2 protein chains.
Amino acid sequence: MISNVFDVDPWAVHEPELDVDLLGQTESLFALANGHVGMRGNLDEGEPHRMPGTYLNSFFESRPLPYAEGGFGFPDEGQTLVNVPNGKLIRLLVDDEPLDVRYGQVHAHERTLDLRSGLLTRHVEWTSPNGQRVDVTSQRLVSFSQRAVAAISYEVSIPEDAGSDALLVVQSELFANEQMPQIEGDPRVAAALTDPLVPEHHSHSHYGARMTHQTRRSELRVGAAMEHQVFGPDDVQVESSCSNNVGRTTAICRLQPGQSLRLVKFLSYGWSSSRSQPAIVDQVEAALDASLYTGWDGLVAAQREYLDAFWARADVEIDGDPRLQQAIRFCLFHVLQAGARAEKRAIGAKGLTGQGYDGHSLWDTETFVLPVFMFTQPRAAADALRWRHSTLEIAEAHAAHLGLKGSAFAWRTIRGEECSGYWPAGTAAFHVNADIADAVLRHVAATADNDFEREVGVDLLVATARLWRSLGHHDSESNFRIDGVTGPDEYSAVADNNVYTNLMAQRNLRGAADVAVRHPREAERLGVSSEEIASWRAAANAMVIPWDEKLGIHPQAEGFTSHAIWDFEGTPEDHYPLLLNYPYFDLYRKQVVKQPDLVLAMVQCPDSFTPEQKAENFAYYERVTVRDSSLSPGTLAVMAAETGHLDLAYDYLCESAQMDLADLEHNVRDGIHLAALASSWTAVVQGLGGMRTHNGRLSFAPRLPSAVSGLRFRVLWRGRSIHLDVGHGETTYTLEEVGEHSPATAGTASTEPLDLSHHEEQFTLTVGEPLTFDIPPTPPHGAIEQPPGRAPLFRRLHQ
Amino acid sequence: MISNVFDVDPWAVHEPELDVDLLGQTESLFALANGHVGMRGNLDEGEPHRMPGTYLNSFFESRPLPYAEGGFGFPDEGQTLVNVPNGKLIRLLVDDEPLDVRYGQVHAHERTLDLRSGLLTRHVEWTSPNGQRVDVTSQRLVSFSQRAVAAISYEVSIPEDAGSDALLVVQSELFANEQMPQIEGDPRVAAALTDPLVPEHHSHSHYGARMTHQTRRSELRVGAAMEHQVFGPDDVQVESSCSNNVGRTTAICRLQPGQSLRLVKFLSYGWSSSRSQPAIVDQVEAALDASLYTGWDGLVAAQREYLDAFWARADVEIDGDPRLQQAIRFCLFHVLQAGARAEKRAIGAKGLTGQGYDGHSLWDTETFVLPVFMFTQPRAAADALRWRHSTLEIAEAHAAHLGLKGSAFAWRTIRGEECSGYWPAGTAAFHVNADIADAVLRHVAATADNDFEREVGVDLLVATARLWRSLGHHDSESNFRIDGVTGPDEYSAVADNNVYTNLMAQRNLRGAADVAVRHPREAERLGVSSEEIASWRAAANAMVIPWDEKLGIHPQAEGFTSHAIWDFEGTPEDHYPLLLNYPYFDLYRKQVVKQPDLVLAMVQCPDSFTPEQKAENFAYYERVTVRDSSLSPGTLAVMAAETGHLDLAYDYLCESAQMDLADLEHNVRDGIHLAALASSWTAVVQGLGGMRTHNGRLSFAPRLPSAVSGLRFRVLWRGRSIHLDVGHGETTYTLEEVGEHSPATAGTASTEPLDLSHHEEQFTLTVGEPLTFDIPPTPPHGAIEQPPGRAPLFRRLHQ
């Protein structure tokens, strides 16, 4: 069942009534985060829930990874994001009966995620089982401006027309080691950990409490603290207490009809692998004091200010499709939430919205998420790459353990260590290293941030180039082969000369050679000789790129096009995703593609393919791509647009943008699909906008599908902002200044004119002088078919 | 350290003194078994030990198989051979001090495994810490004639010259749930299970005890019983008791110098998945009563009779190398022990000598072990294949679960269910199905047993042919490809068109077509249509066999010869076996071969290669084969002999034959390498003897290496026995009758003349008319090299 239960609104996601069966989904969709602290959209009173969740970026527990049959080099420890003390919890007792939407009568239950204010608002009108009517309005934020802080305004009132007064008890809590529901059967869902937090310290004040805990195995320390402001009748009685796992502030009063009681709850969190317990306590106290100093209204105002600035840089405006307009903003909002204040911590595949994939960060971040930041919030992209850089020693040790040179970055990790328990779809997917190198090159191209290149870029490019040089080899005809690795498509594994991997490794090797020449001091520090640079270039120039002469297309990897084509006709619709219904061995040996692999190569390395190859390859791979990964539609939208299939591009754009709002993969309960949400931006900007950045130049080739009547977006490029206003007939380009110290810039702001191109027509854009160009007609193109039953989801839904 | 500590003796393995550090090895080497009951060569008194072990064929416990990241179709339950109640245990207390070789003084400690009597004899001369001298002589047998029975004669005496008398207490036990040492770090070693047996029933008589237990998860029931005869001074006091886990018969007396006390212990075992506890008790009681009826002397005599008959059929005589003569008989003895009375139970890779590989049966049995039985004890081969046949329903269900037709037999199992926890080297090694089919075809060829073919052969051949037809596909040029499977070499995995697999599948498809035509009623029962038969032949005829034009050799699988060659120079000697020191991903993507794969294809399918291809292929693969599997040297010996490298064949024959006596793989403690021991027979008969059985004809091409001056062996063929007497210049062939009802025959005994060939010269051999032929000179041949440091082990040892 595909459904989107939310009202259409350009700037909000509004749930008009509560559906308890959809709590898993809404907990993820209504999650608030700032890249450091994340809170699932659980109900204030905690229950019912699908999965409670409060997360701190990179705060994890270790767990042993078991194997039925082990092998050398298999990682023996995994890392799992831990549910830290839940500070969202505010329970209400109305005349001895707990507010619980499963009992009594719910007259109204509305929730709104406001994408401009950053607030999650909830309004409930409820009559208790014994007939007492109360209204509750809560607002929640995780502060972008004060990284350690979250706050909740919780107001309960007795309506004027309620027949009687009521005795209310509000319990506001910090609750550690919540019992987690066990969800089994899907290997993608994280292992739940039981009581991961060992209590260490707890104390309370009159209006609050604080506690520290330590994880058992990873020995990380977390501190959490809360304080409250209480507004209500004069006789409100407030008391606080704290035990090992429960800190509680209780407010009690009797409310008359028309009266209300309001709590403002300030929360702060901190964690460390090295700081002492008193230092952590002081740290969270300080953050808490700062939040009290700012106050609720101050936090709300700062949140709005932060988001206004973000939207001014990053907003995408779409005319003619209000549902897509809403979805694309929802996507951007979640991308921002995942990375805004991550600050040299990993950005996980689920952001901080759930424990899917154990909270791990994968290649998705560099390939799909960071490009959005590079063009809208470059400092976040730089921070994320600095996090990768901070794991370089671990990656070098891992490479050495595997018998390789340079660095082998983790396929999935929180802190840097490889946590993949299935090497054919983990360690063997070495392309993550080229993806990191590529992100470095793209980031430097977009920001011209020379300091970043010198401090971070050289190390990352050299280490990854060394990996490729040792992973591949020159064969008897001097071709450079990379055998036995896994590309992006997870329905293939351990193949020779995967085109995506080889092209990205080629770019990696050349990029490393270039920066080593540009930064001789860093190159010398790393022991890079001119011989080594030459060997990188030789390997890149001799890189094997398989080609199927007979079919006139690129095989995804050697041998791919000789394999049997998957029996799509014989595959029932409920057998997707295939990985849950067919063994890997069968998927790997047949032509069936989970997510774009060769098509991603064409998107990432557009210069390596002729237009004819792109058209033929795209048509071929569309017939065998089932999109069982949420990473698919954004990439497909870009190639569909480039090959002239604009309505198909639109379908894929919608699929990517609605991935989570409509729960297209039926597992948004485990957390949002960050890369899919990010790729909907890519589908707009690179797809409909035709933006490319190859060879350090920025170019556009905008074209609109029939369903969209207008499109406006901005991208940052080397300290300037370019605004595109795209219609069906023409596009207007405007160059804008950005402030020197805005979070927008990573390198240096600039007001210089900029060389661009529009559908391959070169032009120079100057601040204050917009230019308008006609859009050439779409060239002719053949039909595109997906496997039976795998047409774009939104098209299927609307047929 | 390579060492063989045993005296050289043509018919015995004699350990002149005890080395406690080698107990693990001798426990395996001195293990006694009859294919149903197995007892490791633990010391009578139980300790010191490396691993206690008493096994019943196919008596296992289930255990969950854990995965760090699971996947569809991964088996979730494993099966592990269980240590059943230990009836070997006889403890001796001498004046309050336990006989323990670690204390007091051991004057003599000799053990002898007699390959003609089947007895393990031990003689100990010991002075206790407080100075009391005693001599102990024990003899142990596991009866070939009475399948459920084992017996021990245990005699303790005070030497004439001992200064004083002694109070002796002999405790003879049945001991369940022995504590097992935990051995970690090597994934090949089985998981030890703690207290697997739940006590159910126990009772005792005056001279014995019995007990039944049930396994916790697999719910198999085991019964064990013992009775004793006691011979000694008149005042010997004997009492018995039994509790849940310990049955004990105690004999107490005071012995004067020159006096002795002797116990004869009779043991019987039985197990069932369905029979009730009283039925099991009755069953073991009955077997025990039968053994008492036969008596010790009767059991000893029957054992000798059984073995005399075996050696008369199966003995291999080698002149000029007494150490090899001993080793080859040791190998044959253990092969017999593993399969003699298995009777439709699995023959495990370690026989019943240890818990390595969890006690599982693998493809080794059909490929390496059954051929020995086919030519020496055909009923055992038929029984083993009937066991496979009994798992057909499980294999069909497994195939269906994997989305395939026909049967997918388990890669490793005890009862039939797939227990492989690492699919690239397990489930993907589908060749096990062709190996089973091949064993059926070979067995029928060797025995002409039409009943077997009809009752078992048709089902197995049809089910496996259906697997191949669904596993492979015709490509656009109608070639039949089998993609993404794993061949015999475990340092490669999941490759396309593995030559061994494809050739064996070809034979399987053709064999199925032939039997379906020969047995129309069975074919009809199985729903085999003429269309289906035609599709098998078409697939077989179109089978892809990759060929590397440039190198002029067969790549093991597509792409193999393009891969980098392993860095043998950079691999230290202590990094072998490579799988314990390098990750699979690296092994799989390079040219390095664990065990013969392409070479095995040439041995098993000799008609599919020209002599030149055999020579070139063998030379190529020798350079990249490291023989990290004990399956290697026997196969290599055969191909070395065929290509004229007779001294190399001799080296490999010695390596195979000494595999366990000299502990060449350093893990015989976990059990003997049954397939390696069996392949030493193959190295003699197929290697030096040049025996081939292709196209239903028996041919020989004997040639001796310089180190061997003469060779004599017999093979059974279609109810007749052929004796070869091979010298350097000539070979004499003699045809012999075999008795109609001997265990030798599976089909019908015959006295008809036989068509044979000697070095491609055809002749007819008649009973009573031996024929002698000259041996042609060895054709010229090039040099053969192994990877640095990987020359044959015995050559390295002797250099």
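Residues numbered from 1 in each chain as written. Chains lettered and ligands numbered in written order. Predicted model: local features only at pLDDT ≥ 70, side-chain atom pairs only at ≥ 80, totals over all residues.

### A short note on the overall build of chain A
Along the backbone of chain A there are 18 helices and 31 strands. Against the 2.2 N^0.38 benchmark of 28 Å for 799 residues, chain A shows a C-alpha radius of gyration of 27 Å, consistent with a compact globule. Reported as C-alpha extents along the three principal axes, the dimensions of chain A are approximately 85 × 60 × 55 Å. Expressed as a percentage of its 799 residues, the buried residues of chain A come to 60%. Restricting to contacts in chain A with at least 6 residues of sequence separation, those with at least 24 account for 70%. (Helix = DSSP H or I, 4+ residues; strand = E, 2+ residues; numbered from the N terminus. Rg over C-alpha atoms; globule rule 2.2 N^0.38 Å. Buried ≥ 20, exposed ≤ 12 C-beta atoms within 10 Å, placed from the backbone. Contact = placed C-beta atoms within 7 Å.)

### Re the interface of chain B and chain A
Taken together, the contact between chain B and chain A spans 41 residues of the former and 41 residues of the latter. The class makeup of the residues in the side of chain B that touches chain A is 20 nonpolar, 13 polar and eight charged. (Nonpolar A, V, L, I, M, F, W, Y, C, P; charged D, E, K, R; others polar.)

### Digging into unusual backbone geometry
Omega for the peptide link from A:Glu47 to A:Pro48 comes to -5°, which places this bond in the cis form. Among the structural elements, A:Pro48 can be located in the loop between strand S3 (37–39) and strand S4 (54–56). A cis geometry characterises the amide bond from B:Tyr576 onward to B:Pro577, with omega recorded as -5°. By secondary structure assignment, the location of B:Pro577 is in the loop between strand S23 (564–565) and helix H12 (584–588). In the Ramachandran plot, B:Glu219 falls in the positive-phi region, its phi being about 55° despite a non-glycine side chain. Along the chain, B:Glu219 turns up in the loop between strand S15 (208–215) and strand S16 (221–231). Judged by the 12 C-beta atoms lying within 10 Å of it, B:Glu219 is exposed.

### Looking at the confidence of the model for chain A
All names here are of chain A. A residue-level look at chain A finds 97% of positions with pLDDT of 70 or above and a mean pLDDT of 95. Counting contacts from residues 186–190, a segment whose pLDDT is below 50, to residues more than four positions away or on other chains yields 15 contacts. This complex was scored by the predictor with a pTM of 0.94 and an ipTM of 0.91. (pLDDT = per-residue confidence, 0-100.)

### Re the UniProt feature "domain: Glycoside hydrolase family 65 C-terminal" (unreviewed entry) in chain A
In the UniProt entry, the feature "domain: Glycoside hydrolase family 65 C-terminal" (unreviewed entry) is given for residues 691–737 of chain A. Secondary structure within residues 691–737 of chain A divides into 0% helix and 55% strand; the distance between the first and last C-alpha atoms comes to 20 Å. (UniProt positions renumbered as here; feature names shortened; annotations may be inferred.)

### Side note on the pairing of strand S1 (residues 12–15) of chain B
Residues and elements named next belong to chain B. On S1, burial follows the alternation: Val13 and Glu15 on one face are buried, whereas Ala12 and His14 on the facing-out side are not. In this sheet, strand S9 (residues 105–114) lies alongside S1 in antiparallel orientation, the contact comprising four bridges. Each bridged residue has a counterpart across the sheet, and for glutamate 15 the counterpart in S9 is arginine 111. (Pairing = 2+ DSSP bridges.)

### Here's the deal with the sheet that holds strand S25 (residues 698–700) of chain A
Strands pair in a sheet through their backbones, by hydrogen bonds, and they do so in one of two ways: parallel or antiparallel. All names here are of chain A. Strands sit in the order S25-S29-S30 across an open sheet of three strands; the sheet is mixed. Either end of the sheet is taken by a strand with one partner, and the two such strands are S25 and strand S30 (761–765). Between one strand axis and the next, the sheet turns through 30° on average, direction left out of account. Taken together, the three bridges between S25 and strand S29 (residues 754–758) define a ladder with parallel strand orientation. Looking at the pairing, phenylalanine 700 lines up with histidine 758 of S29. (Axes fitted to C-alpha atoms, helices over the stretch in contact; angles between N-to-C directions.)

### So, the domain arrangement of chain A
Residue and element names in this part refer to chain A. Domains assigned within chain A are domain 1 (12–63 + 77–312) and domain 2 (315–713 + 779–798). Listed per partner, the contact involves 34 residues of domain 1 and 39 residues of domain 2. At the level of secondary structure, the elements contributing two or more residues to the side of domain 1 that touches domain 2 comprise helix H1 (23–29), strand S2 (32–33), strand S6 (77–81) and helix H2 (277–314). The biggest single contributor to the side of domain 1 that touches domain 2 is S6, with five residues. Residue composition of the side of domain 1 that touches domain 2, by class: 15 nonpolar, 13 polar and six charged. (Domains from an automatic or database assignment.)

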